[in-house]
Amino acid sequence: MCAICGILNFDFARRVDEEVLKNMTSILSHRGPDDHGYLVEGRVGLGHRRLSIIDLSGGKQPIYNEDGSVAIVFNGEIYNYRDLASDLVAAGHVFKTQSDTETILHAYEDYGEDCVRHLRGMFAFAIWDSRKQRLLIARDRLGVKPLYYYLDQHIFAFASEIKALLEIPSIPREVDRESLDLYLSLRYVPGPRTIFKNIFCLQPGHVMTLAGNGIRTHHQYWDIDYSKGELQRPREYLDKFRHLLEESVRLRMISEVPLGVFLSGGLDSSAILAMAAAQSAVRVKTFSIGYRPLDGQLEDSNEFEYARLAAGAFHADHHEYQLTPEEFEGAVPELVWCLDEPLADASCIPLFFISKLAREHITVVLSGEGADEILAGYGIYRRMLALERIYQRVPGMGRLAPWMGRFAPSGKLRRYLLNCGEPLEKRYRGVDRGPGFEERRRLIGDARARASEQQLRAIFERYFSRVRHASPLNRMLYVDAKVWLPDDLLNKADKMTMANGLELRVPFLDHKMVEFAAGLPDRAKLHGGSGKALLRKAMKGVLPEAILHRPKKGFPAPLSSWLRGPLRQFSRENLLRSNSACSEYLNASAIARILQEHENGADRSQQIWTLLVFEFWQKRFIQSPFRRRHVA
C-alpha cells in the first residue's frame, strides 16, 4: 500500500520540475512512511511513497522492466501475483524482486492495456513506456484505491490524493459550484467530478492512456453483470459463497507485517473475523470504537457489547477506543485535510481514531465494507421495493400521487405519496443523501437547486439505463456500486486509514465475489424482510445468534445529541460568522434556521454536519491555502 503521483508534459522539450515532483510525493508521506522513489525522464516524472507490506527489502519503486524501458509506480495489493508471476516467468520474463508490483509491469509487457483484466486485487497504478512515449493509468474494478488527475493543454498530472496535485503551481484551487450543489444533495461529490474545478477522479474499472499531446484512450474494462446467474439450487450457491468468502479472506491475509480486523460487532465484520480466525495460527487482533457516556447516559451508538461478544467467540486479541465530543471536535480540521474534498459522513472521525489505534499494533487491517452493497443489506432497499410495487400495481399512480400529496397532513406523508408516483430510476438516490429539494432551495436558491436536481437525476438515470433488464433490487445495487460505494464508503475508508499509514483490505469486494453475488437470485440477498440472507445463512452456527440477527449500525456517531450539547457552540461559532465560508455560497438565514430547528428538537444533524465539513474544507483549501510538506 502506497501513494503515487506523476506529471506528463505535452511539450516534448519541457522537462519535469524535479522539485515540484518531490513536493507532490512528500505531501503523500502519510500513505507511505517507509520509503520513497522518483523517476524523472525528460517530460515525464513519477513519484512514489511506500508502506512496506510484501517483499520488504526488494519492493522499492519505481520498478523497471528488464531493459529499463518501462517503469511503474503502484498503490495497492495484487492477491494473485504469485500465480501470475509463474505464468510470466514461463513466458520468458526475468524478475528482480518478489513484489506484486513487478508482476503488473511484466503483465503490461505481455498484455498491454488488458493487463488489468489479469489482476485480482485493489490497485491504482501508472506505467511509463519510454519506447512508445505512452503513460498508462488504471484503477481497480470497484474503486477501493483512489486516483485523481488534472488535464489541460500543457500537462497531465495524477496522484493518489488531490492535495498532491495542488503542489503544482499552475493548477488553480477553485471550487466547482456545480459539484458543490451535488455535494449538498448527496453529502459527497459523485465521480468523476471532484469539488475542484478541472480535477477529476479516474472511475473504478477504467484505464486511460496518454501519448503525444493528450488522451489516446479512456475506457471501462470491467462492469457488473446481473445476467450470468449459473447456480440455481440454494445449497449450491451457499457452498460457493462460503468457498469464495474463505478464499477472499485467505488471500487478504497475505502479509509480511502484523494484521488485524476492524470489529463493529455487526454481521459483516464478525463474519470476516470468523474467517480470519479459522485461518490464523495466532490470535487475531481486533479493534472497536465507541463513545464515552454523556451526562451519565451511554450513547445508543456504542457497539462495545456486540464487538466484545464476537471477539470472545473467536478468542481475539481485542482493543477498544472511547471517543469524546472534544476529540471529535478537535479532529475536524485534520479530517478535511485528509479527505481532500468535502465528504459529510460523520463516521469518518471514529474511523480515523480507530485507525490510529490499530496502527499502534498492526499495519494491515481487514474490514467488512461491501457486504451491504452486494447482498442488499440496507433497509432502504426494502422500502424502495415496497414503493415500486405500489407504482407498478396501482393504475395511474403517476397521476394520482401528486394530486393526493396536496391533501397530505404532513410533509413526510406528502413525500411518501410523491415517491409512489415515480418509477424507481427517478425516485432512488442511493443509500445516503443530504437535504431535500426544498431545503436546498432555501440554501442555494431556486435556479441552482433545480439545476443540481436535473444533474443528479441524469447521473442516476444513466447508471439505471445500463441495467434496465435487471430486477429492481439489482438495479439499486448497481447504482450504489457505481456512486455511493466508491465516492463515499470506500473513499472515507481509504483516506482515514491511510492518514494513519494503515492498509485496509475489503474481502467482500473481491471482484469474483461481486460477480458471484450479481448472479444470485434476489431471494438469496433479500428474504423475509431481512437483507444479506445468504451471509446470515452461511454464518448460522458460526457466529453468536445475538450478532446474526442484530440490526445494522456500522461505525455510527452520536452526532444529533452532541450538536445539541457539547458541540452546539462549535457549530454556531463556525456557521453563523458573518465571514463564514458557507455564507459566500449559501443563504445565511437558511443556515441559521437549520441550527435553530435542530436545537428545538428536529433532527438536522446531517445537514449541520454537511455545512460544517464544507466550512472547514473551504477555509483549509481555498481561503487560506497552505502546503504541508514532510521531509522525504
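Preceding this paragraph is the structure being described.
Below, the structure is looked at part by part. Remember, predicted model here, so these are calculated numbers, not experimental data.

This part takes up the state of the cysteines. Taken as a whole and judged by the stated rule, the model has 0 disulfides. Summary of cysteine pairing: cysteine 2 is not part of a disulfide, and the nearest cysteine sulfur, belonging to cysteine 5, is at 12 Å. Assessed through its relative accessible area of 4%, cysteine 2 is described here as buried. Free cysteine: cysteine 338, not disulfide-bonded; nearest cysteine sulfur from cysteine 348 at 9.8 Å. Given the relative accessible area of 6%, cysteine 338 is considered buried.

Moving on, we come to the side chain of glutamine 61. Residue position: glutamine 61 is located in the loop between β3 (44-50) and β4 (63-64). For glutamine 61, a relative accessible area of 4% puts it in the buried group. Side chain to side chain, glutamine 61 and threonine 101 meet in a polar contact 3.2 Å long. Apart from residues no more than four positions distant in its own chain, glutamine 61 is found in contact with Cys2, His36, Gly37, His48, Ile72, Val73, Phe74 and Thr101.

Below, the discussion takes up the packing of helix α6 (residues 234-251) against helix α21 (residues 511-518). Two elements in contact, α6 and α21, have axes separated by 10 Å at closest approach and are oriented at 165 degrees. On the basis of their axis angle, the class for α6 and α21 is roughly antiparallel. Judged by the sense of rotation from one axis to the other, the crossing of α6 with α21 is left-handed. Taken together, the residues of α21 that come into contact with α6 (itself represented by Tyr237, Lys240, Phe241, Leu244 and Leu245) are Lys512, Met513 and Phe516.

This brings us to the sheet that holds strand β9 (residues 155-159). Pairing is antiparallel in the open sheet, where 6 strands are placed in the order β2-β3-β1-β9-β8-β10. Sheet topology places β2 (35-41) and β10 (199-201) at the edges, where each strand pairs with a single neighbour. On average, each strand axis in the sheet is inclined to that of its neighbour by 15 degrees, with strand direction left out of account. Relative to β9, strand β1 (residues 2-9) is paired through 5 bridges, and the arrangement is antiparallel. What sits directly across from glycine 6, in β9, is phenylalanine 158. Packed on one face of the sheet, helix α1 (residues 18-26) meets β1, β2, β3 and β9 and runs near 155 degrees to β1.

Basis of the calculations
- Residues numbered from 1 in each chain as written.
- Predicted model: local features only at pLDDT ≥ 70, side-chain atom pairs only at ≥ 80, totals over all residues.
- Heavy atoms only, no water.
- Disulfide = S-S within 2.5 Å.
- Buried < 20%, exposed > 50% of the residue type's maximum accessible area, 1.4 Å probe, protein only.
- Helix = DSSP H or I, 4+ residues; strand = E, 2+ residues; numbered from the N terminus.
- Polar contact = N/O pair within 3.5 Å; in protein donor to acceptor, adjacent residues only side chain to side chain.
- Contact = heavy atoms within 4.5 Å.
- Axes fitted to C-alpha atoms, helices over the stretch in contact; angles between N-to-C directions.
- Parallel < 35°, antiparallel > 145°, perpendicular 65-115°, else oblique.
- Left-handed = near helix turned anticlockwise from the far one by under 90°.
- Pairing = 2+ DSSP bridges.

These figures come from the coordinates and say nothing about function on their own.
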